[in-house]
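Remarks on the overall topology
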Amino acid sequence: MGVSVCGLLLIAQAGAASGLAAVMLGFAITNLGAGPMVTLGTDLVVGSAPLERASSAGALNETSGEFGFALGIAALGSLGTAVYRARVSVPAGVPAGAARAAHDTLAGATTAAGHLPGRAGAGLLTSAREAFMSGMHVAATVSALLLVAVAVTVATLLRDVHPAGERETSEPSDAPTALEAEAAEVSAG
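Quick look at the structure, then. Predicted model only: the values in this text are computed from it and were never measured. (Residues numbered from 1 in each chain as written. Predicted model: local features only at pLDDT ≥ 70, side-chain atom pairs only at ≥ 80, totals over all residues. Heavy atoms only, no water.)

1. Things to note about the overall build of the protein
When helices and strands are counted, the protein shows 7 helices and 0 strands. Each helix and strand of the protein, ordered N terminal to C terminal, gives the series α-α-α-α-α-α-α. Per-residue burial for the protein yields a buried fraction of 23% across its 189 residues. Pairs at least 24 apart in sequence give 54% of the contacts found in the protein among residues at least 6 apart. Summed over all atoms, the accessible surface of the protein reaches about 12600 Å², with 67% contributed by carbon and sulfur. (Helix = DSSP H or I, 4+ residues; strand = E, 2+ residues; numbered from the N terminus. Buried < 20%, exposed > 50% of the residue type's maximum accessible area, 1.4 Å probe, protein only. Contact = heavy atoms within 4.5 Å. Areas by Shrake-Rupley, 256 points an atom, 1.4 Å probe, with all protein chains shown as cover.)

2. Comments concerning helix 5 (residues 106–114)
Every buried residue of helix 5 is accounted for by Gly108, Ala109, Ala112 and Ala113. For helix 5, the angular spread of the buried residues around the axis is 130°, confining them to a single face. Across from the buried face of helix 5, at angles greater than 90 degrees, the exposed residues are Ala107 and Gly114. (Arc of directions from axis to C-beta.)

3. A look at the side chain of Ser127
Secondary-structure assignment places Ser127 in helix 6 (residues 118–157). Here Ser127 falls in the buried class, since its relative accessible area comes to 9%. Separated by 2.7 Å, the side chain of Ser127 and the backbone nitrogen of Ser89 make a polar contact. With sequence-adjacent residues up to four places away left out, Ser127 is seen in contact with Arg87, Val88 and Ser89. (Polar contact = N/O pair within 3.5 Å; in protein donor to acceptor, adjacent residues only side chain to side chain.)

4. Looking at the nonpolar core
By size, the foremost hydrophobic cluster in this structure holds 14 residues, and its most contacted members are Tyr84, Val88, Val94, Ala109, Leu124 and Ala128. Elements supplying a minimum of two residues to this core: helix 4 (96–104), helix 5 and helix 6. Sort the elements by how many residues they give to this core and helix 6 lands first, with 4 residues. Residue contacts for Leu124: discarding those within four places in its chain leaves Ser89, Val90, Pro91, Ala102, Ala109, Ala112, Ala113 and Leu116. Ranked by size, the runner-up nonpolar core spans 7 residues in total, among them Ile11, Ala12, Ala14 and Met136. (Core = buried A, V, L, I, M, F, W, Y, C linked by side-chain atoms within 4.5 Å.)

5. Looking at the environment of Ala16
Secondary-structure assignment places Ala16 in the loop between helix 1 (2–13) and helix 2 (19–48). Separated by 114 residues in the primary sequence, Ala16 and Glu130 have C-alpha atoms spaced 8.1 Å apart.

6. A closer look at a nonpolar patch on the surface
On the surface, Leu44, Val150, Val154, Leu157, Leu158 and Val161 cluster together into a nonpolar patch covering about 500 Å² of accessible area. Here Val150 shows up in helix 6. (Patch = residues over 30% accessible without salt bridge, like charges linked within 9 Å, V, L, I, M, F, W, Y side chains within 5 Å. Salt bridge = Lys/Arg side-chain N within 4 Å of Asp/Glu carboxyl O.)

7. A look at the packing of helix 1 against helix 6
Packing of helix 1 against helix 6 leaves a shortest axis separation of 8 Å and a crossing angle of 160°. Between helix 1 and helix 6, the interaxial angle falls into the category roughly antiparallel. Helix 6 is crossed by helix 1, and the crossing has left-handed handedness. Seen from helix 1, the contacting residues are Ser4, Val5, Leu8, Leu9, Ile11, Ala12 and Gln13; seen from helix 6, they are Met136, His137, Ala140, Thr141, Ser143, Ala144, Leu147 and Val148. Across the contact of helix 1 with helix 6, the residue classes break down as 10 nonpolar, 5 polar and no charged. (Axes fitted to C-alpha atoms, helices over the stretch in contact; angles between N-to-C directions. Parallel < 35°, antiparallel > 145°, perpendicular 65-115°, else oblique. Left-handed = near helix turned anticlockwise from the far one by under 90°. Nonpolar A, V, L, I, M, F, W, Y, C, P; charged D, E, K, R; others polar.)

8. Examining the pattern of salt bridges
If you walk through the whole model with that rule in mind, you get 1 salt bridge. Asp104 is paired through a salt bridge with Arg85; the nearest N and O atoms lie 3.9 Å apart. Of this pair, Asp104 sits in helix 4 while Arg85 sits in helix 3 (residues 54–87), and the two are 19 residues apart along the sequence. Judged by its relative accessible area of 38%, Asp104 falls in the partly exposed class.

Keep in mind these numbers describe shape, not what the thing actually does.
Right, dumping it as structure tokens:
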């Protein structure tokens, strides 16, 4: 999870100079760190279910994962949009229709700026890009904080879960293992 947090923080630091390269690298690092989480989480869910219920557990895991992704995208997208709309500023002299379009989305601002003369178009586009980056930074930072909270929660809740095949107690057992018992029978016989 730490790798994913680093990727999200890289996205949160992307600026006009680092731009697309930093965002792409940040997403690549985030997904690189998320891969093992998804695999291990699925293994934990399916592996804890009885054999006859494993397919149902896998389906429930897949459905809840898709729901979680959709909910996360909607919530973080709404947050990013709210930040964009709060920070975008429309230069004086921009027609009302172009101002509304710019206030709604970066795409609207880009289209509106393309139809405006000189400084008005450039000013609108600069403001919209900065507002969009602010929204992306807030969404990435919130994502990183939520991921840290999930990591702490998982570590706390699963601290007593032992890997398959590991003994439940940390005290040494006096009982022989199956291999030791078989070796004792062979030598005695």
